[in-house]
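Survey of secondary and tertiary structure
Below are the chains, spelled out letter by letter.
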Amino acid sequence: MSKSTIKDSIQNDQIKYLKDGNQVDSSTLRFALSFINKEEKDKKGELNDSEVIKILKTMIKRNKDSYEQFINANRNDLADKEKKEMDLLNLYLPEILNEAETKKIVQSAIDKLDIKSMKEMGKAMGLIKNNHGDNIDMSLVSKYIKELLG
């Protein structure tokens with residue numbers, strides 16, 4: 001399994017931010033590295049980029065939930081902090097495919113697997129996730145599968 005270049009980037013940037021006196025970004029990246037290192041310890045081995053991306057997406061989802069709660073509670077100061085953390089972590093994720101590319105991939109998967117009904121939706125979801133999981137919005141995939149098969 002290949003070593004994570006994303007983790008290396010996060011480590012390098014964390015040190016750079018610390019040297020530059022940017023405590024906020026340094027702290028955010030240190031927090032991300034703690035999740036990555038814990039997962040590596042549990043797994044007893046280094047993570048690849050795909051596994052690091054999964055951790056970052058989980059962290060971003062947690063930030064997004066907090067962000068929405070702070071917005072609803074009119075705590076804009078805390079919401080801004082969560083938003084800045086999400087934006088920083090998003091820099092380390094691969095670019096997500098746009099809607100047109102996603103729809104094309106969904107149509108291709110449906111054609112390739114010769115799917116005729118919604119009962120077979122899981123097959124298409126599995127194929128797409130295996131081939132494009134790091135850079136595709138799976139909720140959009142689900143929407144297009146339902147649209148094309150419904």
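Everything that follows concerns the structure shown earlier in this document.
All values reported here derive from a predicted model rather than from experimental measurement.

Attention now moves to the overall build of the protein chain. Secondary structure summary: the protein chain contains seven helices and zero strands in total. Taken along the three principal axes of its C-alpha coordinates, the protein chain extends 55 × 45 × 25 Å. In the protein chain, which comprises 150 residues, the share counted as buried stands at 33%. Carbon together with sulfur atoms contributes 51% to the accessible area of the protein chain, which is approximately 9,600 Å² in total.

This part covers helix α7 (residues 138-149). Here α7 spans 16 Å end to end across twelve residues, near enough to the 16 Å set by a 1.5 Å rise per residue. Those residues of α7 not exposed but buried are Met138, Leu140, Val141, Ser142, Tyr144, Ile145 and Leu149. Looking at the buried positions of α7, the neighbouring elements they touch are α5 (99-113) and α6 (121-132).

Before going further, it helps to examine the pattern of salt bridges. For the structure on display, the rule yields eleven salt bridges. Residue Glu40 pairs with Lys7 through a salt bridge whose shortest N-O separation is 2.6 Å. One end of the pair, Glu40, is in helix α2 (residues 23-43); the other, Lys7, is in helix α1 (residues 5-19), and 33 residues separate them in sequence. Owing to a relative accessible area of 13%, Glu40 belongs among the buried residues under this scheme.

As a further point, take the environment of Gly45. You can see Gly45 is positioned in the loop between α2 and α3 (49-72). What makes Gly45 partly exposed here is its relative accessible area of 32%. The spatial distance from the C-alpha of Gly45 to the C-alpha of Lys57 is 20 Å, given a sequence separation of twelve residues.

A few words on the packing of α2 against α3. Two elements in contact, α2 and α3, have axes whose closest approach is 10 Å; the angle formed by their N-to-C orientations is 130°. As summarised for this structure, α2 and α3 are arranged oblique, according to the angle between their axes. Both α2 and α3 take part in a crossing whose hand is right-handed. Between α2 and α3, the contacting residues are Phe31, Ala32, Phe35, Ile36, Glu39 and Lys43 on the first element and Glu51, Val52, Ile55, Leu56, Met59 and Arg62 on the second. Its residues assigned to classes, the contact of α2 with α3 shows eight nonpolar, no polar and four charged.

Turning to the side chain of Thr28, a few remarks are in order. Among the structural elements, Thr28 can be located in helix α2. A distance of 3.0 Å separates the side chain of Thr28 from the backbone oxygen of Val24, its partner in a polar contact. With near-sequence residues (within four places) excluded, Thr28 lies in contact with Glu85, Leu88 and Leu89.

Before going further, it helps to examine unusual backbone geometry. Positioned with a positive phi, Lys44 is a non-glycine residue whose angle comes to about 60°. For Lys44, the location among the structural elements is in the loop between α2 and α3. Residue Lys44 is classed as exposed on the basis of its relative accessible area, which comes to 76%. The phi torsion at Asn74 lies on the positive side, around 55°, for a residue other than glycine. Mapped onto the fold, Asn74 is located in the loop between α3 and α4 (76-90).

What counts, and where the lines are drawn
- Residues numbered from 1 in each chain as written.
- Predicted model: local features only at pLDDT ≥ 70, side-chain atom pairs only at ≥ 80, totals over all residues.
- Heavy atoms only, no water.
- Helix = DSSP H or I, 4+ residues; strand = E, 2+ residues; numbered from the N terminus.
- Buried < 20%, exposed > 50% of the residue type's maximum accessible area, 1.4 Å probe, protein only.
- Areas by Shrake-Rupley, 256 points an atom, 1.4 Å probe, with all protein chains shown as cover.
- Expected span 1.5 Å × (residues − 1).
- Contact = heavy atoms within 4.5 Å.
- Salt bridge = Lys/Arg side-chain N within 4 Å of Asp/Glu carboxyl O.
- Axes fitted to C-alpha atoms, helices over the stretch in contact; angles between N-to-C directions.
- Parallel < 35°, antiparallel > 145°, perpendicular 65-115°, else oblique.
- Left-handed = near helix turned anticlockwise from the far one by under 90°.
- Nonpolar A, V, L, I, M, F, W, Y, C, P; charged D, E, K, R; others polar.
- Polar contact = N/O pair within 3.5 Å; in protein donor to acceptor, adjacent residues only side chain to side chain.

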